[in-house]
Number of protein chains: 2
Amino acid sequence: MELQLVNERRRGPYAAKRLSEFAARCRRGGLAVTPQRLAIIKALLGSGEHPRADAIFAAVRIQHPHISLATVHRTLETLCDIGEARKVTTLHDSARYDGNMIPHHHVVCVKCRRIRDIEIPRLDRILAGQSELGEFTVLGSSLEIQALCEDCAAKRANRTRKPRR
Amino acid sequence: MELQLVNERRRGPYAAKRLSEFAARCRRGGLAVTPQRLAIIKALLGSGEHPRADAIFAAVRIQHPHISLATVHRTLETLCDIGEARKVTTLHDSARYDGNMIPHHHVVCVKCRRIRDIEIPRLDRILAGQSELGEFTVLGSSLEIQALCEDCAAKRANRTRKPRR
DNA sequence: AACCAGATGATAATTATTATCACCTAGGTG
DNA sequence: CACCTAGGTGATAATAATTATCATCTGGTT
Ligand SMILES: [Mn+2]
Ligand SMILES: [Mn+2]
Ligand SMILES: [Zn+2]
Ligand SMILES: [Zn+2]
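Residues numbered from 1 in each chain as written. Chains lettered and ligands numbered in written order. Predicted model: local features only at pLDDT ≥ 70, side-chain atom pairs only at ≥ 80, totals over all residues. Heavy atoms only, no water.

Secondary structure assignment for chain A yields six helices and seven strands. In sequence order, chain A lays out its α and β elements as β-α-α-α-α-β-β-β-β-α-β-β-α. Here chain A holds 165 residues, and 41% of them are scored as buried. Of all intrachain contacts in chain A linking residues separated by at least 6 positions in sequence, the fraction that spans at least 24 positions is 54%. (Helix = DSSP H or I, 4+ residues; strand = E, 2+ residues; numbered from the N terminus. Buried < 20%, exposed > 50% of the residue type's maximum accessible area, 1.4 Å probe, protein only. Contact = heavy atoms within 4.5 Å.)

Dropping the structure here:
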């Protein structure tokens, strides 16, 4: 088995661990531990959807009705800066974020934009050795697989099939 | 040698071939062959920069001073639709396009956003066998390596180094 | 308790992209 | 080779995401 989807169940414990370390990491990075930041990282870690800023905004708003959308954007960028989150996907619309910093890759449905994590140990092995690439110093990498999910494939099949008279 | 940059010289002949087939491909796709489309695909194939819509716009304007920016956006999307171009990069700002449809991957400088093509035959071999991935039907894939180019690495080193008194 | 660098909220500005729509033209048709 | 028409284009407005601004607030330190 070359490629394999990542099991969703692993997220719980991972999120708990990350959250417990978050305050310490902020301080290490010289960042204040604010309720907004906590709420945002919590929402991000709690989601496997690779959410956009507006989805995080909606989630966080429940507990923090006064939070500003600008704060959500800023904070997500900040989280990326300090290595607590990363941006994801090439199917270019709005930015999608990912709280999972364990190196992994993605399948994206080109139709509905659903994203699932995947692991490709053999690819990681290939990349592990590379720290230089011509004039470039390698920092990281990610593979994105463009695909069609079950639902969208079904819908497309329906649309294509001639309507029965 | 696992990963290898793609030689820039190959682009010339490739572009010429693609351009010569372009009209036929448009017709096959039911698209009119307009001077605007020709100018846009030509500009795209002529560039190794993975340009944005505005750069294509600027290039095309020289010969077609009346062309509209909206047409450039529309046409680039259309080219992607019919498989004559593709979008590129995750470092999320504006869309970058690529006329090179030979399967390949990219290194992106996280600082200046310069993009270079790379080939990873072993990765392609790994992916070639995969047409299904759980509930997903694989359509394509691309690896993006985040890196720092020589110039930006140098600048960063300067900035980091304490100024001599 | 007092201080202040940095964080936030509210809002405006910017920027990329898409939608609209009147006019135009590529590429059939007779 | 004159029409015809579906689809393409230019001009412009609308939308949507992100970023900038700035007055106010607060976490963390003294
Ligand atoms: Mn992920
Ligand atoms: Mn390329
Ligand atoms: Zn889907
Ligand atoms: Zn650079």
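Here the focus is the domain arrangement of chain A. Per the domain assignment, the segments making up chain A are domain 1 (8-81) and domain 2 (105-161). Taking only C-alpha atoms into account, the centre of domain 1 of chain A sits 24 Å from that of domain 2 of chain A. (Domains from an automatic or database assignment.)

What follows covers the pattern of salt bridges. A complete count under the given rule lists eight salt bridges over all chains for this structure. We note a salt bridge from arginine 25 of chain A to glutamate 21 of chain A, for which the minimum N-O separation is 3.0 Å. With arginine 25 of chain A and glutamate 21 of chain A both in helix H1 (residues 11-28), this residue pair falls four residues apart, about one helical turn. Linking glutamate 21 of chain B and lysine 17 of chain B is a salt bridge whose minimum nitrogen-to-oxygen distance equals 3.2 Å. (Salt bridge = Lys/Arg side-chain N within 4 Å of Asp/Glu carboxyl O.)

The subject of this paragraph is the packing of helix H1 (residues 11-28) of chain B against helix H2 (residues 35-45) of chain B. Residues and elements named next belong to chain B. Running from N to C, H1 and H2 point in directions that differ by 165°, and their axes come no closer than 10 Å. As the angle between them shows, H1 and H2 are arranged roughly antiparallel. In this structure, H1 crosses over H2, and the sense of that crossing is right-handed. Contacts between H1 and H2 involve Arg11, Tyr14, Ala15, Arg18, Leu19 and Phe22 on the former and, on the latter, Arg37, Leu38, Ile41, Lys42 and Leu45. Considering only residue class, the contact of H1 with H2 consists of seven nonpolar, no polar and four charged. (Axes fitted to C-alpha atoms, helices over the stretch in contact; angles between N-to-C directions. Parallel < 35°, antiparallel > 145°, perpendicular 65-115°, else oblique. Left-handed = near helix turned anticlockwise from the far one by under 90°. Nonpolar A, V, L, I, M, F, W, Y, C, P; charged D, E, K, R; others polar.)

As paired elements, strand E7 (residues 136-148) of chain A and strand E7 (residues 136-148) of chain B share eleven bridges and run antiparallel to each other. Counterpart to serine 141 of chain A in the pairing with E7 of chain B is isoleucine 145 of chain B. Note: strand E4 (residues 105-109) of chain B against E7 of chain B, four bridges, orientation parallel. Residue pairing in the sheet places histidine 106 of chain B in a bridge with glutamate 144 of chain B of E7 of chain B. With two bridges connecting them, strand E6 (residues 132-133) of chain B and E7 of chain B associate as antiparallel partners. When the bridges of E7 of chain B are listed, leucine 133 of chain B appears paired with phenylalanine 136 of chain B. Two successive antiparallel strands, E6 of chain B and E7 of chain B, enclose a turn made up of two residues, where glycine 134 of chain B displays a positive phi of approximately 60°. (Pairing = 2+ DSSP bridges.)

The biggest cluster of nonpolar side chains holds 30 residues, and the ones touching the most others in it are Leu143 of chain A together with Leu143 of chain B. Elements with a minimum of two residues in this core: strand E4 (105-109), helix H5 (121-128) and E7 of chain A together with E4, helix H5 (121-128) and E7 of chain B. Core analysis: the next-biggest nonpolar cluster, separate from the first, contains 20 residues, Ile41, Ala43, Ile67 and Leu79 of chain A among them. (Core = buried A, V, L, I, M, F, W, Y, C linked by side-chain atoms within 4.5 Å.)

A separate point is the side chain of serine 142 of chain A. With respect to the helices and strands, the residue serine 142 of chain A is situated in strand E7. Apart from the residues within four sequence positions on either side, serine 142 of chain A is in contact with Arg86, His104 and His105 of chain A together with Ser142, Leu143, Glu144 and Gln146 of chain B.

Taken as a whole, H5 of chain B has its buried residues at Leu123, Ile126 and Leu127 of chain B. An end-on view of H5 of chain B places all buried positions within 95° of arc, on one side of the element. Within H5 of chain B, the exposed residues directed more than 90 degrees away from the buried face are Arg125 and Ala128 of chain B. Considering only its buried residues, H5 of chain B is in contact with H5 and E7 of chain A together with E4 and E7 of chain B. (Arc of directions from axis to C-beta.)

Moving on to the pairing of E4 of chain B. Residues and elements named next belong to chain B. Counting buried positions along E4 yields five of five residues, so the element is predominantly enclosed. Residues His105, Val107 and Cys109 line one face of E4 and the alternating positions His106 and Val108 line the opposite face, and both faces are buried. As paired elements, E4 and strand E5 (residues 115-119) share four bridges and run antiparallel to each other. Among the inter-strand pairings, valine 107 is bridged to a residue of E5, identified as arginine 116. Connecting the antiparallel pair E4 and E5 is a turn made up of five residues, with arginine 113 showing a positive phi of about 70°.

This part is about the packing of H2 of chain B against helix H4 (residues 69-81) of chain B. All names here are of chain B. Between H2 and H4, the least distance of the axes is 10 Å, while the angle of their chain directions is 70°. Between H2 and H4, the crossing angle belongs to the class labelled roughly perpendicular. Of H4, the residues touching H2 (which contributes Gln36, Arg37, Ile40, Ile41 and Leu44) are Thr71, Val72, Thr75, Leu76 and Leu79. By residue class, the composition of the contact of H2 with H4 is six nonpolar, three polar and one charged.

Further remarks concern the environment of leucine 139 of chain B. Along the chain, leucine 139 of chain B turns up in strand E7. Linking leucine 139 of chain B and leucine 123 of chain B, residues 16 residues apart in sequence, is a C-alpha distance of 15 Å.

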